[in-house]
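Summary of structural features
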Amino acid sequence: MNIIKVLTFTILSLLSSHLNAQEMDKQTPNVVATTTIFIEAEPDKVWAVLAQDFAGIAEWSSGVSHAEGFGSPIGSSPYSKRACEITAAGFNDTQEEILEFDQTNYHLRYSLFSGLPGFVKDAENIWELKPQNGGTYLFGKTSMRATGFMGFTMKGMMKTATRKALNNMAEELKYFLETGKPHPDKVSSNEKLARKDEKIRRKVVSFEIIEEIDAPLAVVWKTLAGDFGEVYKSNPVSDYSVYAQGFDQPQLGAQRIMYMSKDRKKYFVDRLAKWEEEKHLTIEIVDKKGFPIRPNYTWLNMDLEKLGEGKTQLKIRFNYLTKPAFLKGLAKNGLKKNFREYAWAIDYHCRTGEIITRENWKEIRKNYL
């Protein structure tokens, strides 16, 4: 009996230790890569490119084709977050957030909080700078947890790929800082992306809507540009809109979120890409949810022309691609109808100041049929 008790206690102790070890492993990164490189530039210069210009990574890294900063300022960086379009095939675009910004000790830590595969958890990057002989030693470290069966089988491959990516990133930063030019790999990547972009843009479908607005040019411009963040006031299919985080006024580069359902699960993120006072706006769709269109290949041109006292011509040109591609032809008639009604809604809002909603639009639109 005593032997059985001892064996039972031993087994339970071993099982408990195993479970505790597993629980600890769940919190310990199992994919870690590091890099070290010497850069012939002072730490402040390296820090300015790497950390202060956090959203400028696409200028020198071949792994990122485009980046946008957002979020609140942190330290001397105007943005605490960035969204990156990744060049590598098969990889999702990512979003990253600065967790530590220590300019005194040249320590930058940020997490990847969006765009990672489902089996990858707690991904972080750390960069540290050490002054040395008029230059800078750059230390980089990437840590993440690969979980589940996929994580177990791909862990070794991920370590190799992560180490290579980190080394490439350090080499490209060094080249950029020492020469003032992008690394040859970055130049090659840009050229390849430009060729691909040109090929895709040739497939863009466009149509125009021209409407006479019974309101002065300044009033129409105020509705389109001044109320950029409050587009819901004049758009019958938008339930609500607001400036995206990091933006609070209508200006070049400003972004808004235009919600297209009451539960806010469907939306577009728009960016003011061109602005000519009381003449022209170009609004690009940079992100979306719930619609089969391709962001960055879908944009809206709006041109205004004074027709006379109290009258304005509005020309809307919508340029778009769908995903899947075969939908672009099927969607055209419906899109033209929506934009025709949007022009009518702009006219009504400019004349009356009344906010357009899905409910009141059913009655208002009868005046234009």
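A short tour of the structure in this document, coming up. (Residues numbered from 1 in each chain as written. Predicted model: local features only at pLDDT ≥ 70, side-chain atom pairs only at ≥ 80, totals over all residues. Heavy atoms only, no water.)

Once that is clear, we can look at the packing of aromatic side chains. For the coordinates displayed, the defined rule picks out 19 aromatic pairs. Judged by centre distance (4.5 Å) and plane angle (25 degrees), the ring pair of F268 and F291 falls under stacked. On the criterion of sequence distance, the pair formed by F268 in strand β11 (residues 267-276) and F291 in the loop between β12 (280-289) and β13 (299-308) is long-range, its members being 23 residues apart. The exposure class of F291 is partly exposed, given its relative accessible area of 23%. Look at F339 and Y342: their rings are 6.5 Å apart centre to centre, the planes differ by 65 degrees, and that puts the pair in the edge-to-face class. Taken as a pair, F339 and Y342 lie in helix α6 (residues 327-352) at a separation of 3 residues, close to a single helical turn. For the residue pair F339 and Y342, the accessibility class agrees, reading buried in each case. (Phe/Tyr/Trp six-rings, centres within 6.5 Å; stacked < 30°, edge-to-face > 60°. Helix = DSSP H or I, 4+ residues; strand = E, 2+ residues; numbered from the N terminus. Buried < 20%, exposed > 50% of the residue type's maximum accessible area, 1.4 Å probe, protein only.)

This part takes up the sheet that holds strand β14 (residues 311-320). Spatially, 7 strands are ordered β8-β14-β13-β12-β11-β10-β9 in an open sheet, and the strand pairing comes out antiparallel. Edge positions in the sheet fall to β8 (205-213) and β9 (240-243), since each of these pairs with one other strand and no more. Each neighbouring strand pair of the sheet contributes to a mean axis angle of 25 degrees, computed without reference to strand direction. In this structure, β11 lies alongside β12, joined through 9 bridges in antiparallel fashion. Note on β12: the bridge partner recorded for V269 is D287. Taken strand by strand, helix α5 (residues 217-226) contacts β8, β11, β12, β13 and β14, and its axis lies near 165 degrees from that of β13. (Pairing = 2+ DSSP bridges. Axes fitted to C-alpha atoms, helices over the stretch in contact; angles between N-to-C directions. Contact = heavy atoms within 4.5 Å.)

Time to look at the pattern of salt bridges. Applying the stated criterion to the full structure yields 23 salt bridges. R358 is paired through a salt bridge with D239; the nearest N and O atoms lie 2.9 Å apart. Here R358 is found in helix α7 (residues 358-364), whereas its partner D239 is found in the loop between α5 and β9, with 119 residues between them in sequence. Taking the relative accessible area as the measure of exposure, R358 reaches 31% and is therefore partly exposed. E359 is the partner of K262 in a salt bridge, and the nearest nitrogen-oxygen pair spans 3.7 Å. (Salt bridge = Lys/Arg side-chain N within 4 Å of Asp/Glu carboxyl O.)

It is worth spelling out the sheet that holds strand β7 (residues 135-146) at this point. Hydrogen bonding along the main chain pairs the strands of a sheet, whether they run parallel or antiparallel. Overall, antiparallel pairing links the 7 strands, which are arranged β1-β7-β6-β5-β4-β3-β2 in an open sheet. One side of each edge strand has no neighbouring strand; the edge strands of this open sheet are β1 (31-39) and β2 (64-70). Strand-to-strand twist of the sheet, defined as the mean angle between neighbouring strand axes without regard to direction, takes the value 20 degrees. Here 11 bridges tie strand β6 (residues 120-132) to β7, and the two strands are oriented antiparallel to one another. Bridge pairing in β7 places N125 opposite T142. Of the strands in this sheet, β1, β4 (94-102), β5 (107-114), β6 and β7 are in contact with helix α2 (residues 43-52), which crosses β6 at around 160 degrees.

This next bit is on unusual backbone geometry. P324 follows K323 through a cis peptide bond whose omega is 10 degrees. Locating P324 in the fold gives a position in the loop between β14 and α6. Located in the positive-phi region is N133, a residue other than glycine, with phi close to 50 degrees. With respect to the helices and strands, the residue N133 is situated in the loop between β6 and β7. The backbone phi angle of N296 is positive, close to 75 degrees, even though this residue is not glycine. Structurally, N296 can be placed in the loop between β12 and β13. Taking the relative accessible area as the measure of exposure, N296 reaches 29% and is therefore partly exposed.

With 40 residues, the main nonpolar core has L224, M302, L314, I316, F339, Y342 and I346 as its most contacted residues. Counting residues per element, the ones that place at least two in this core are β8, α5, β10 (255-259), β11, β12, β13, β14 and α6. Here the element with the most residues in this core is α6; it accounts for 6 residues. Leave out the neighbours within four places in its chain, and M302 touches L224, K279, H280, L281, I283, L314, K315, I316, Y342 and I346. (Core = buried A, V, L, I, M, F, W, Y, C linked by side-chain atoms within 4.5 Å.)

Before going further, it helps to examine the environment of E191. Note that E191 resides in helix α4 (residues 184-201). The spatial distance from the C-alpha of E191 to the C-alpha of R82 is 23 Å, given a sequence separation of 109 residues.

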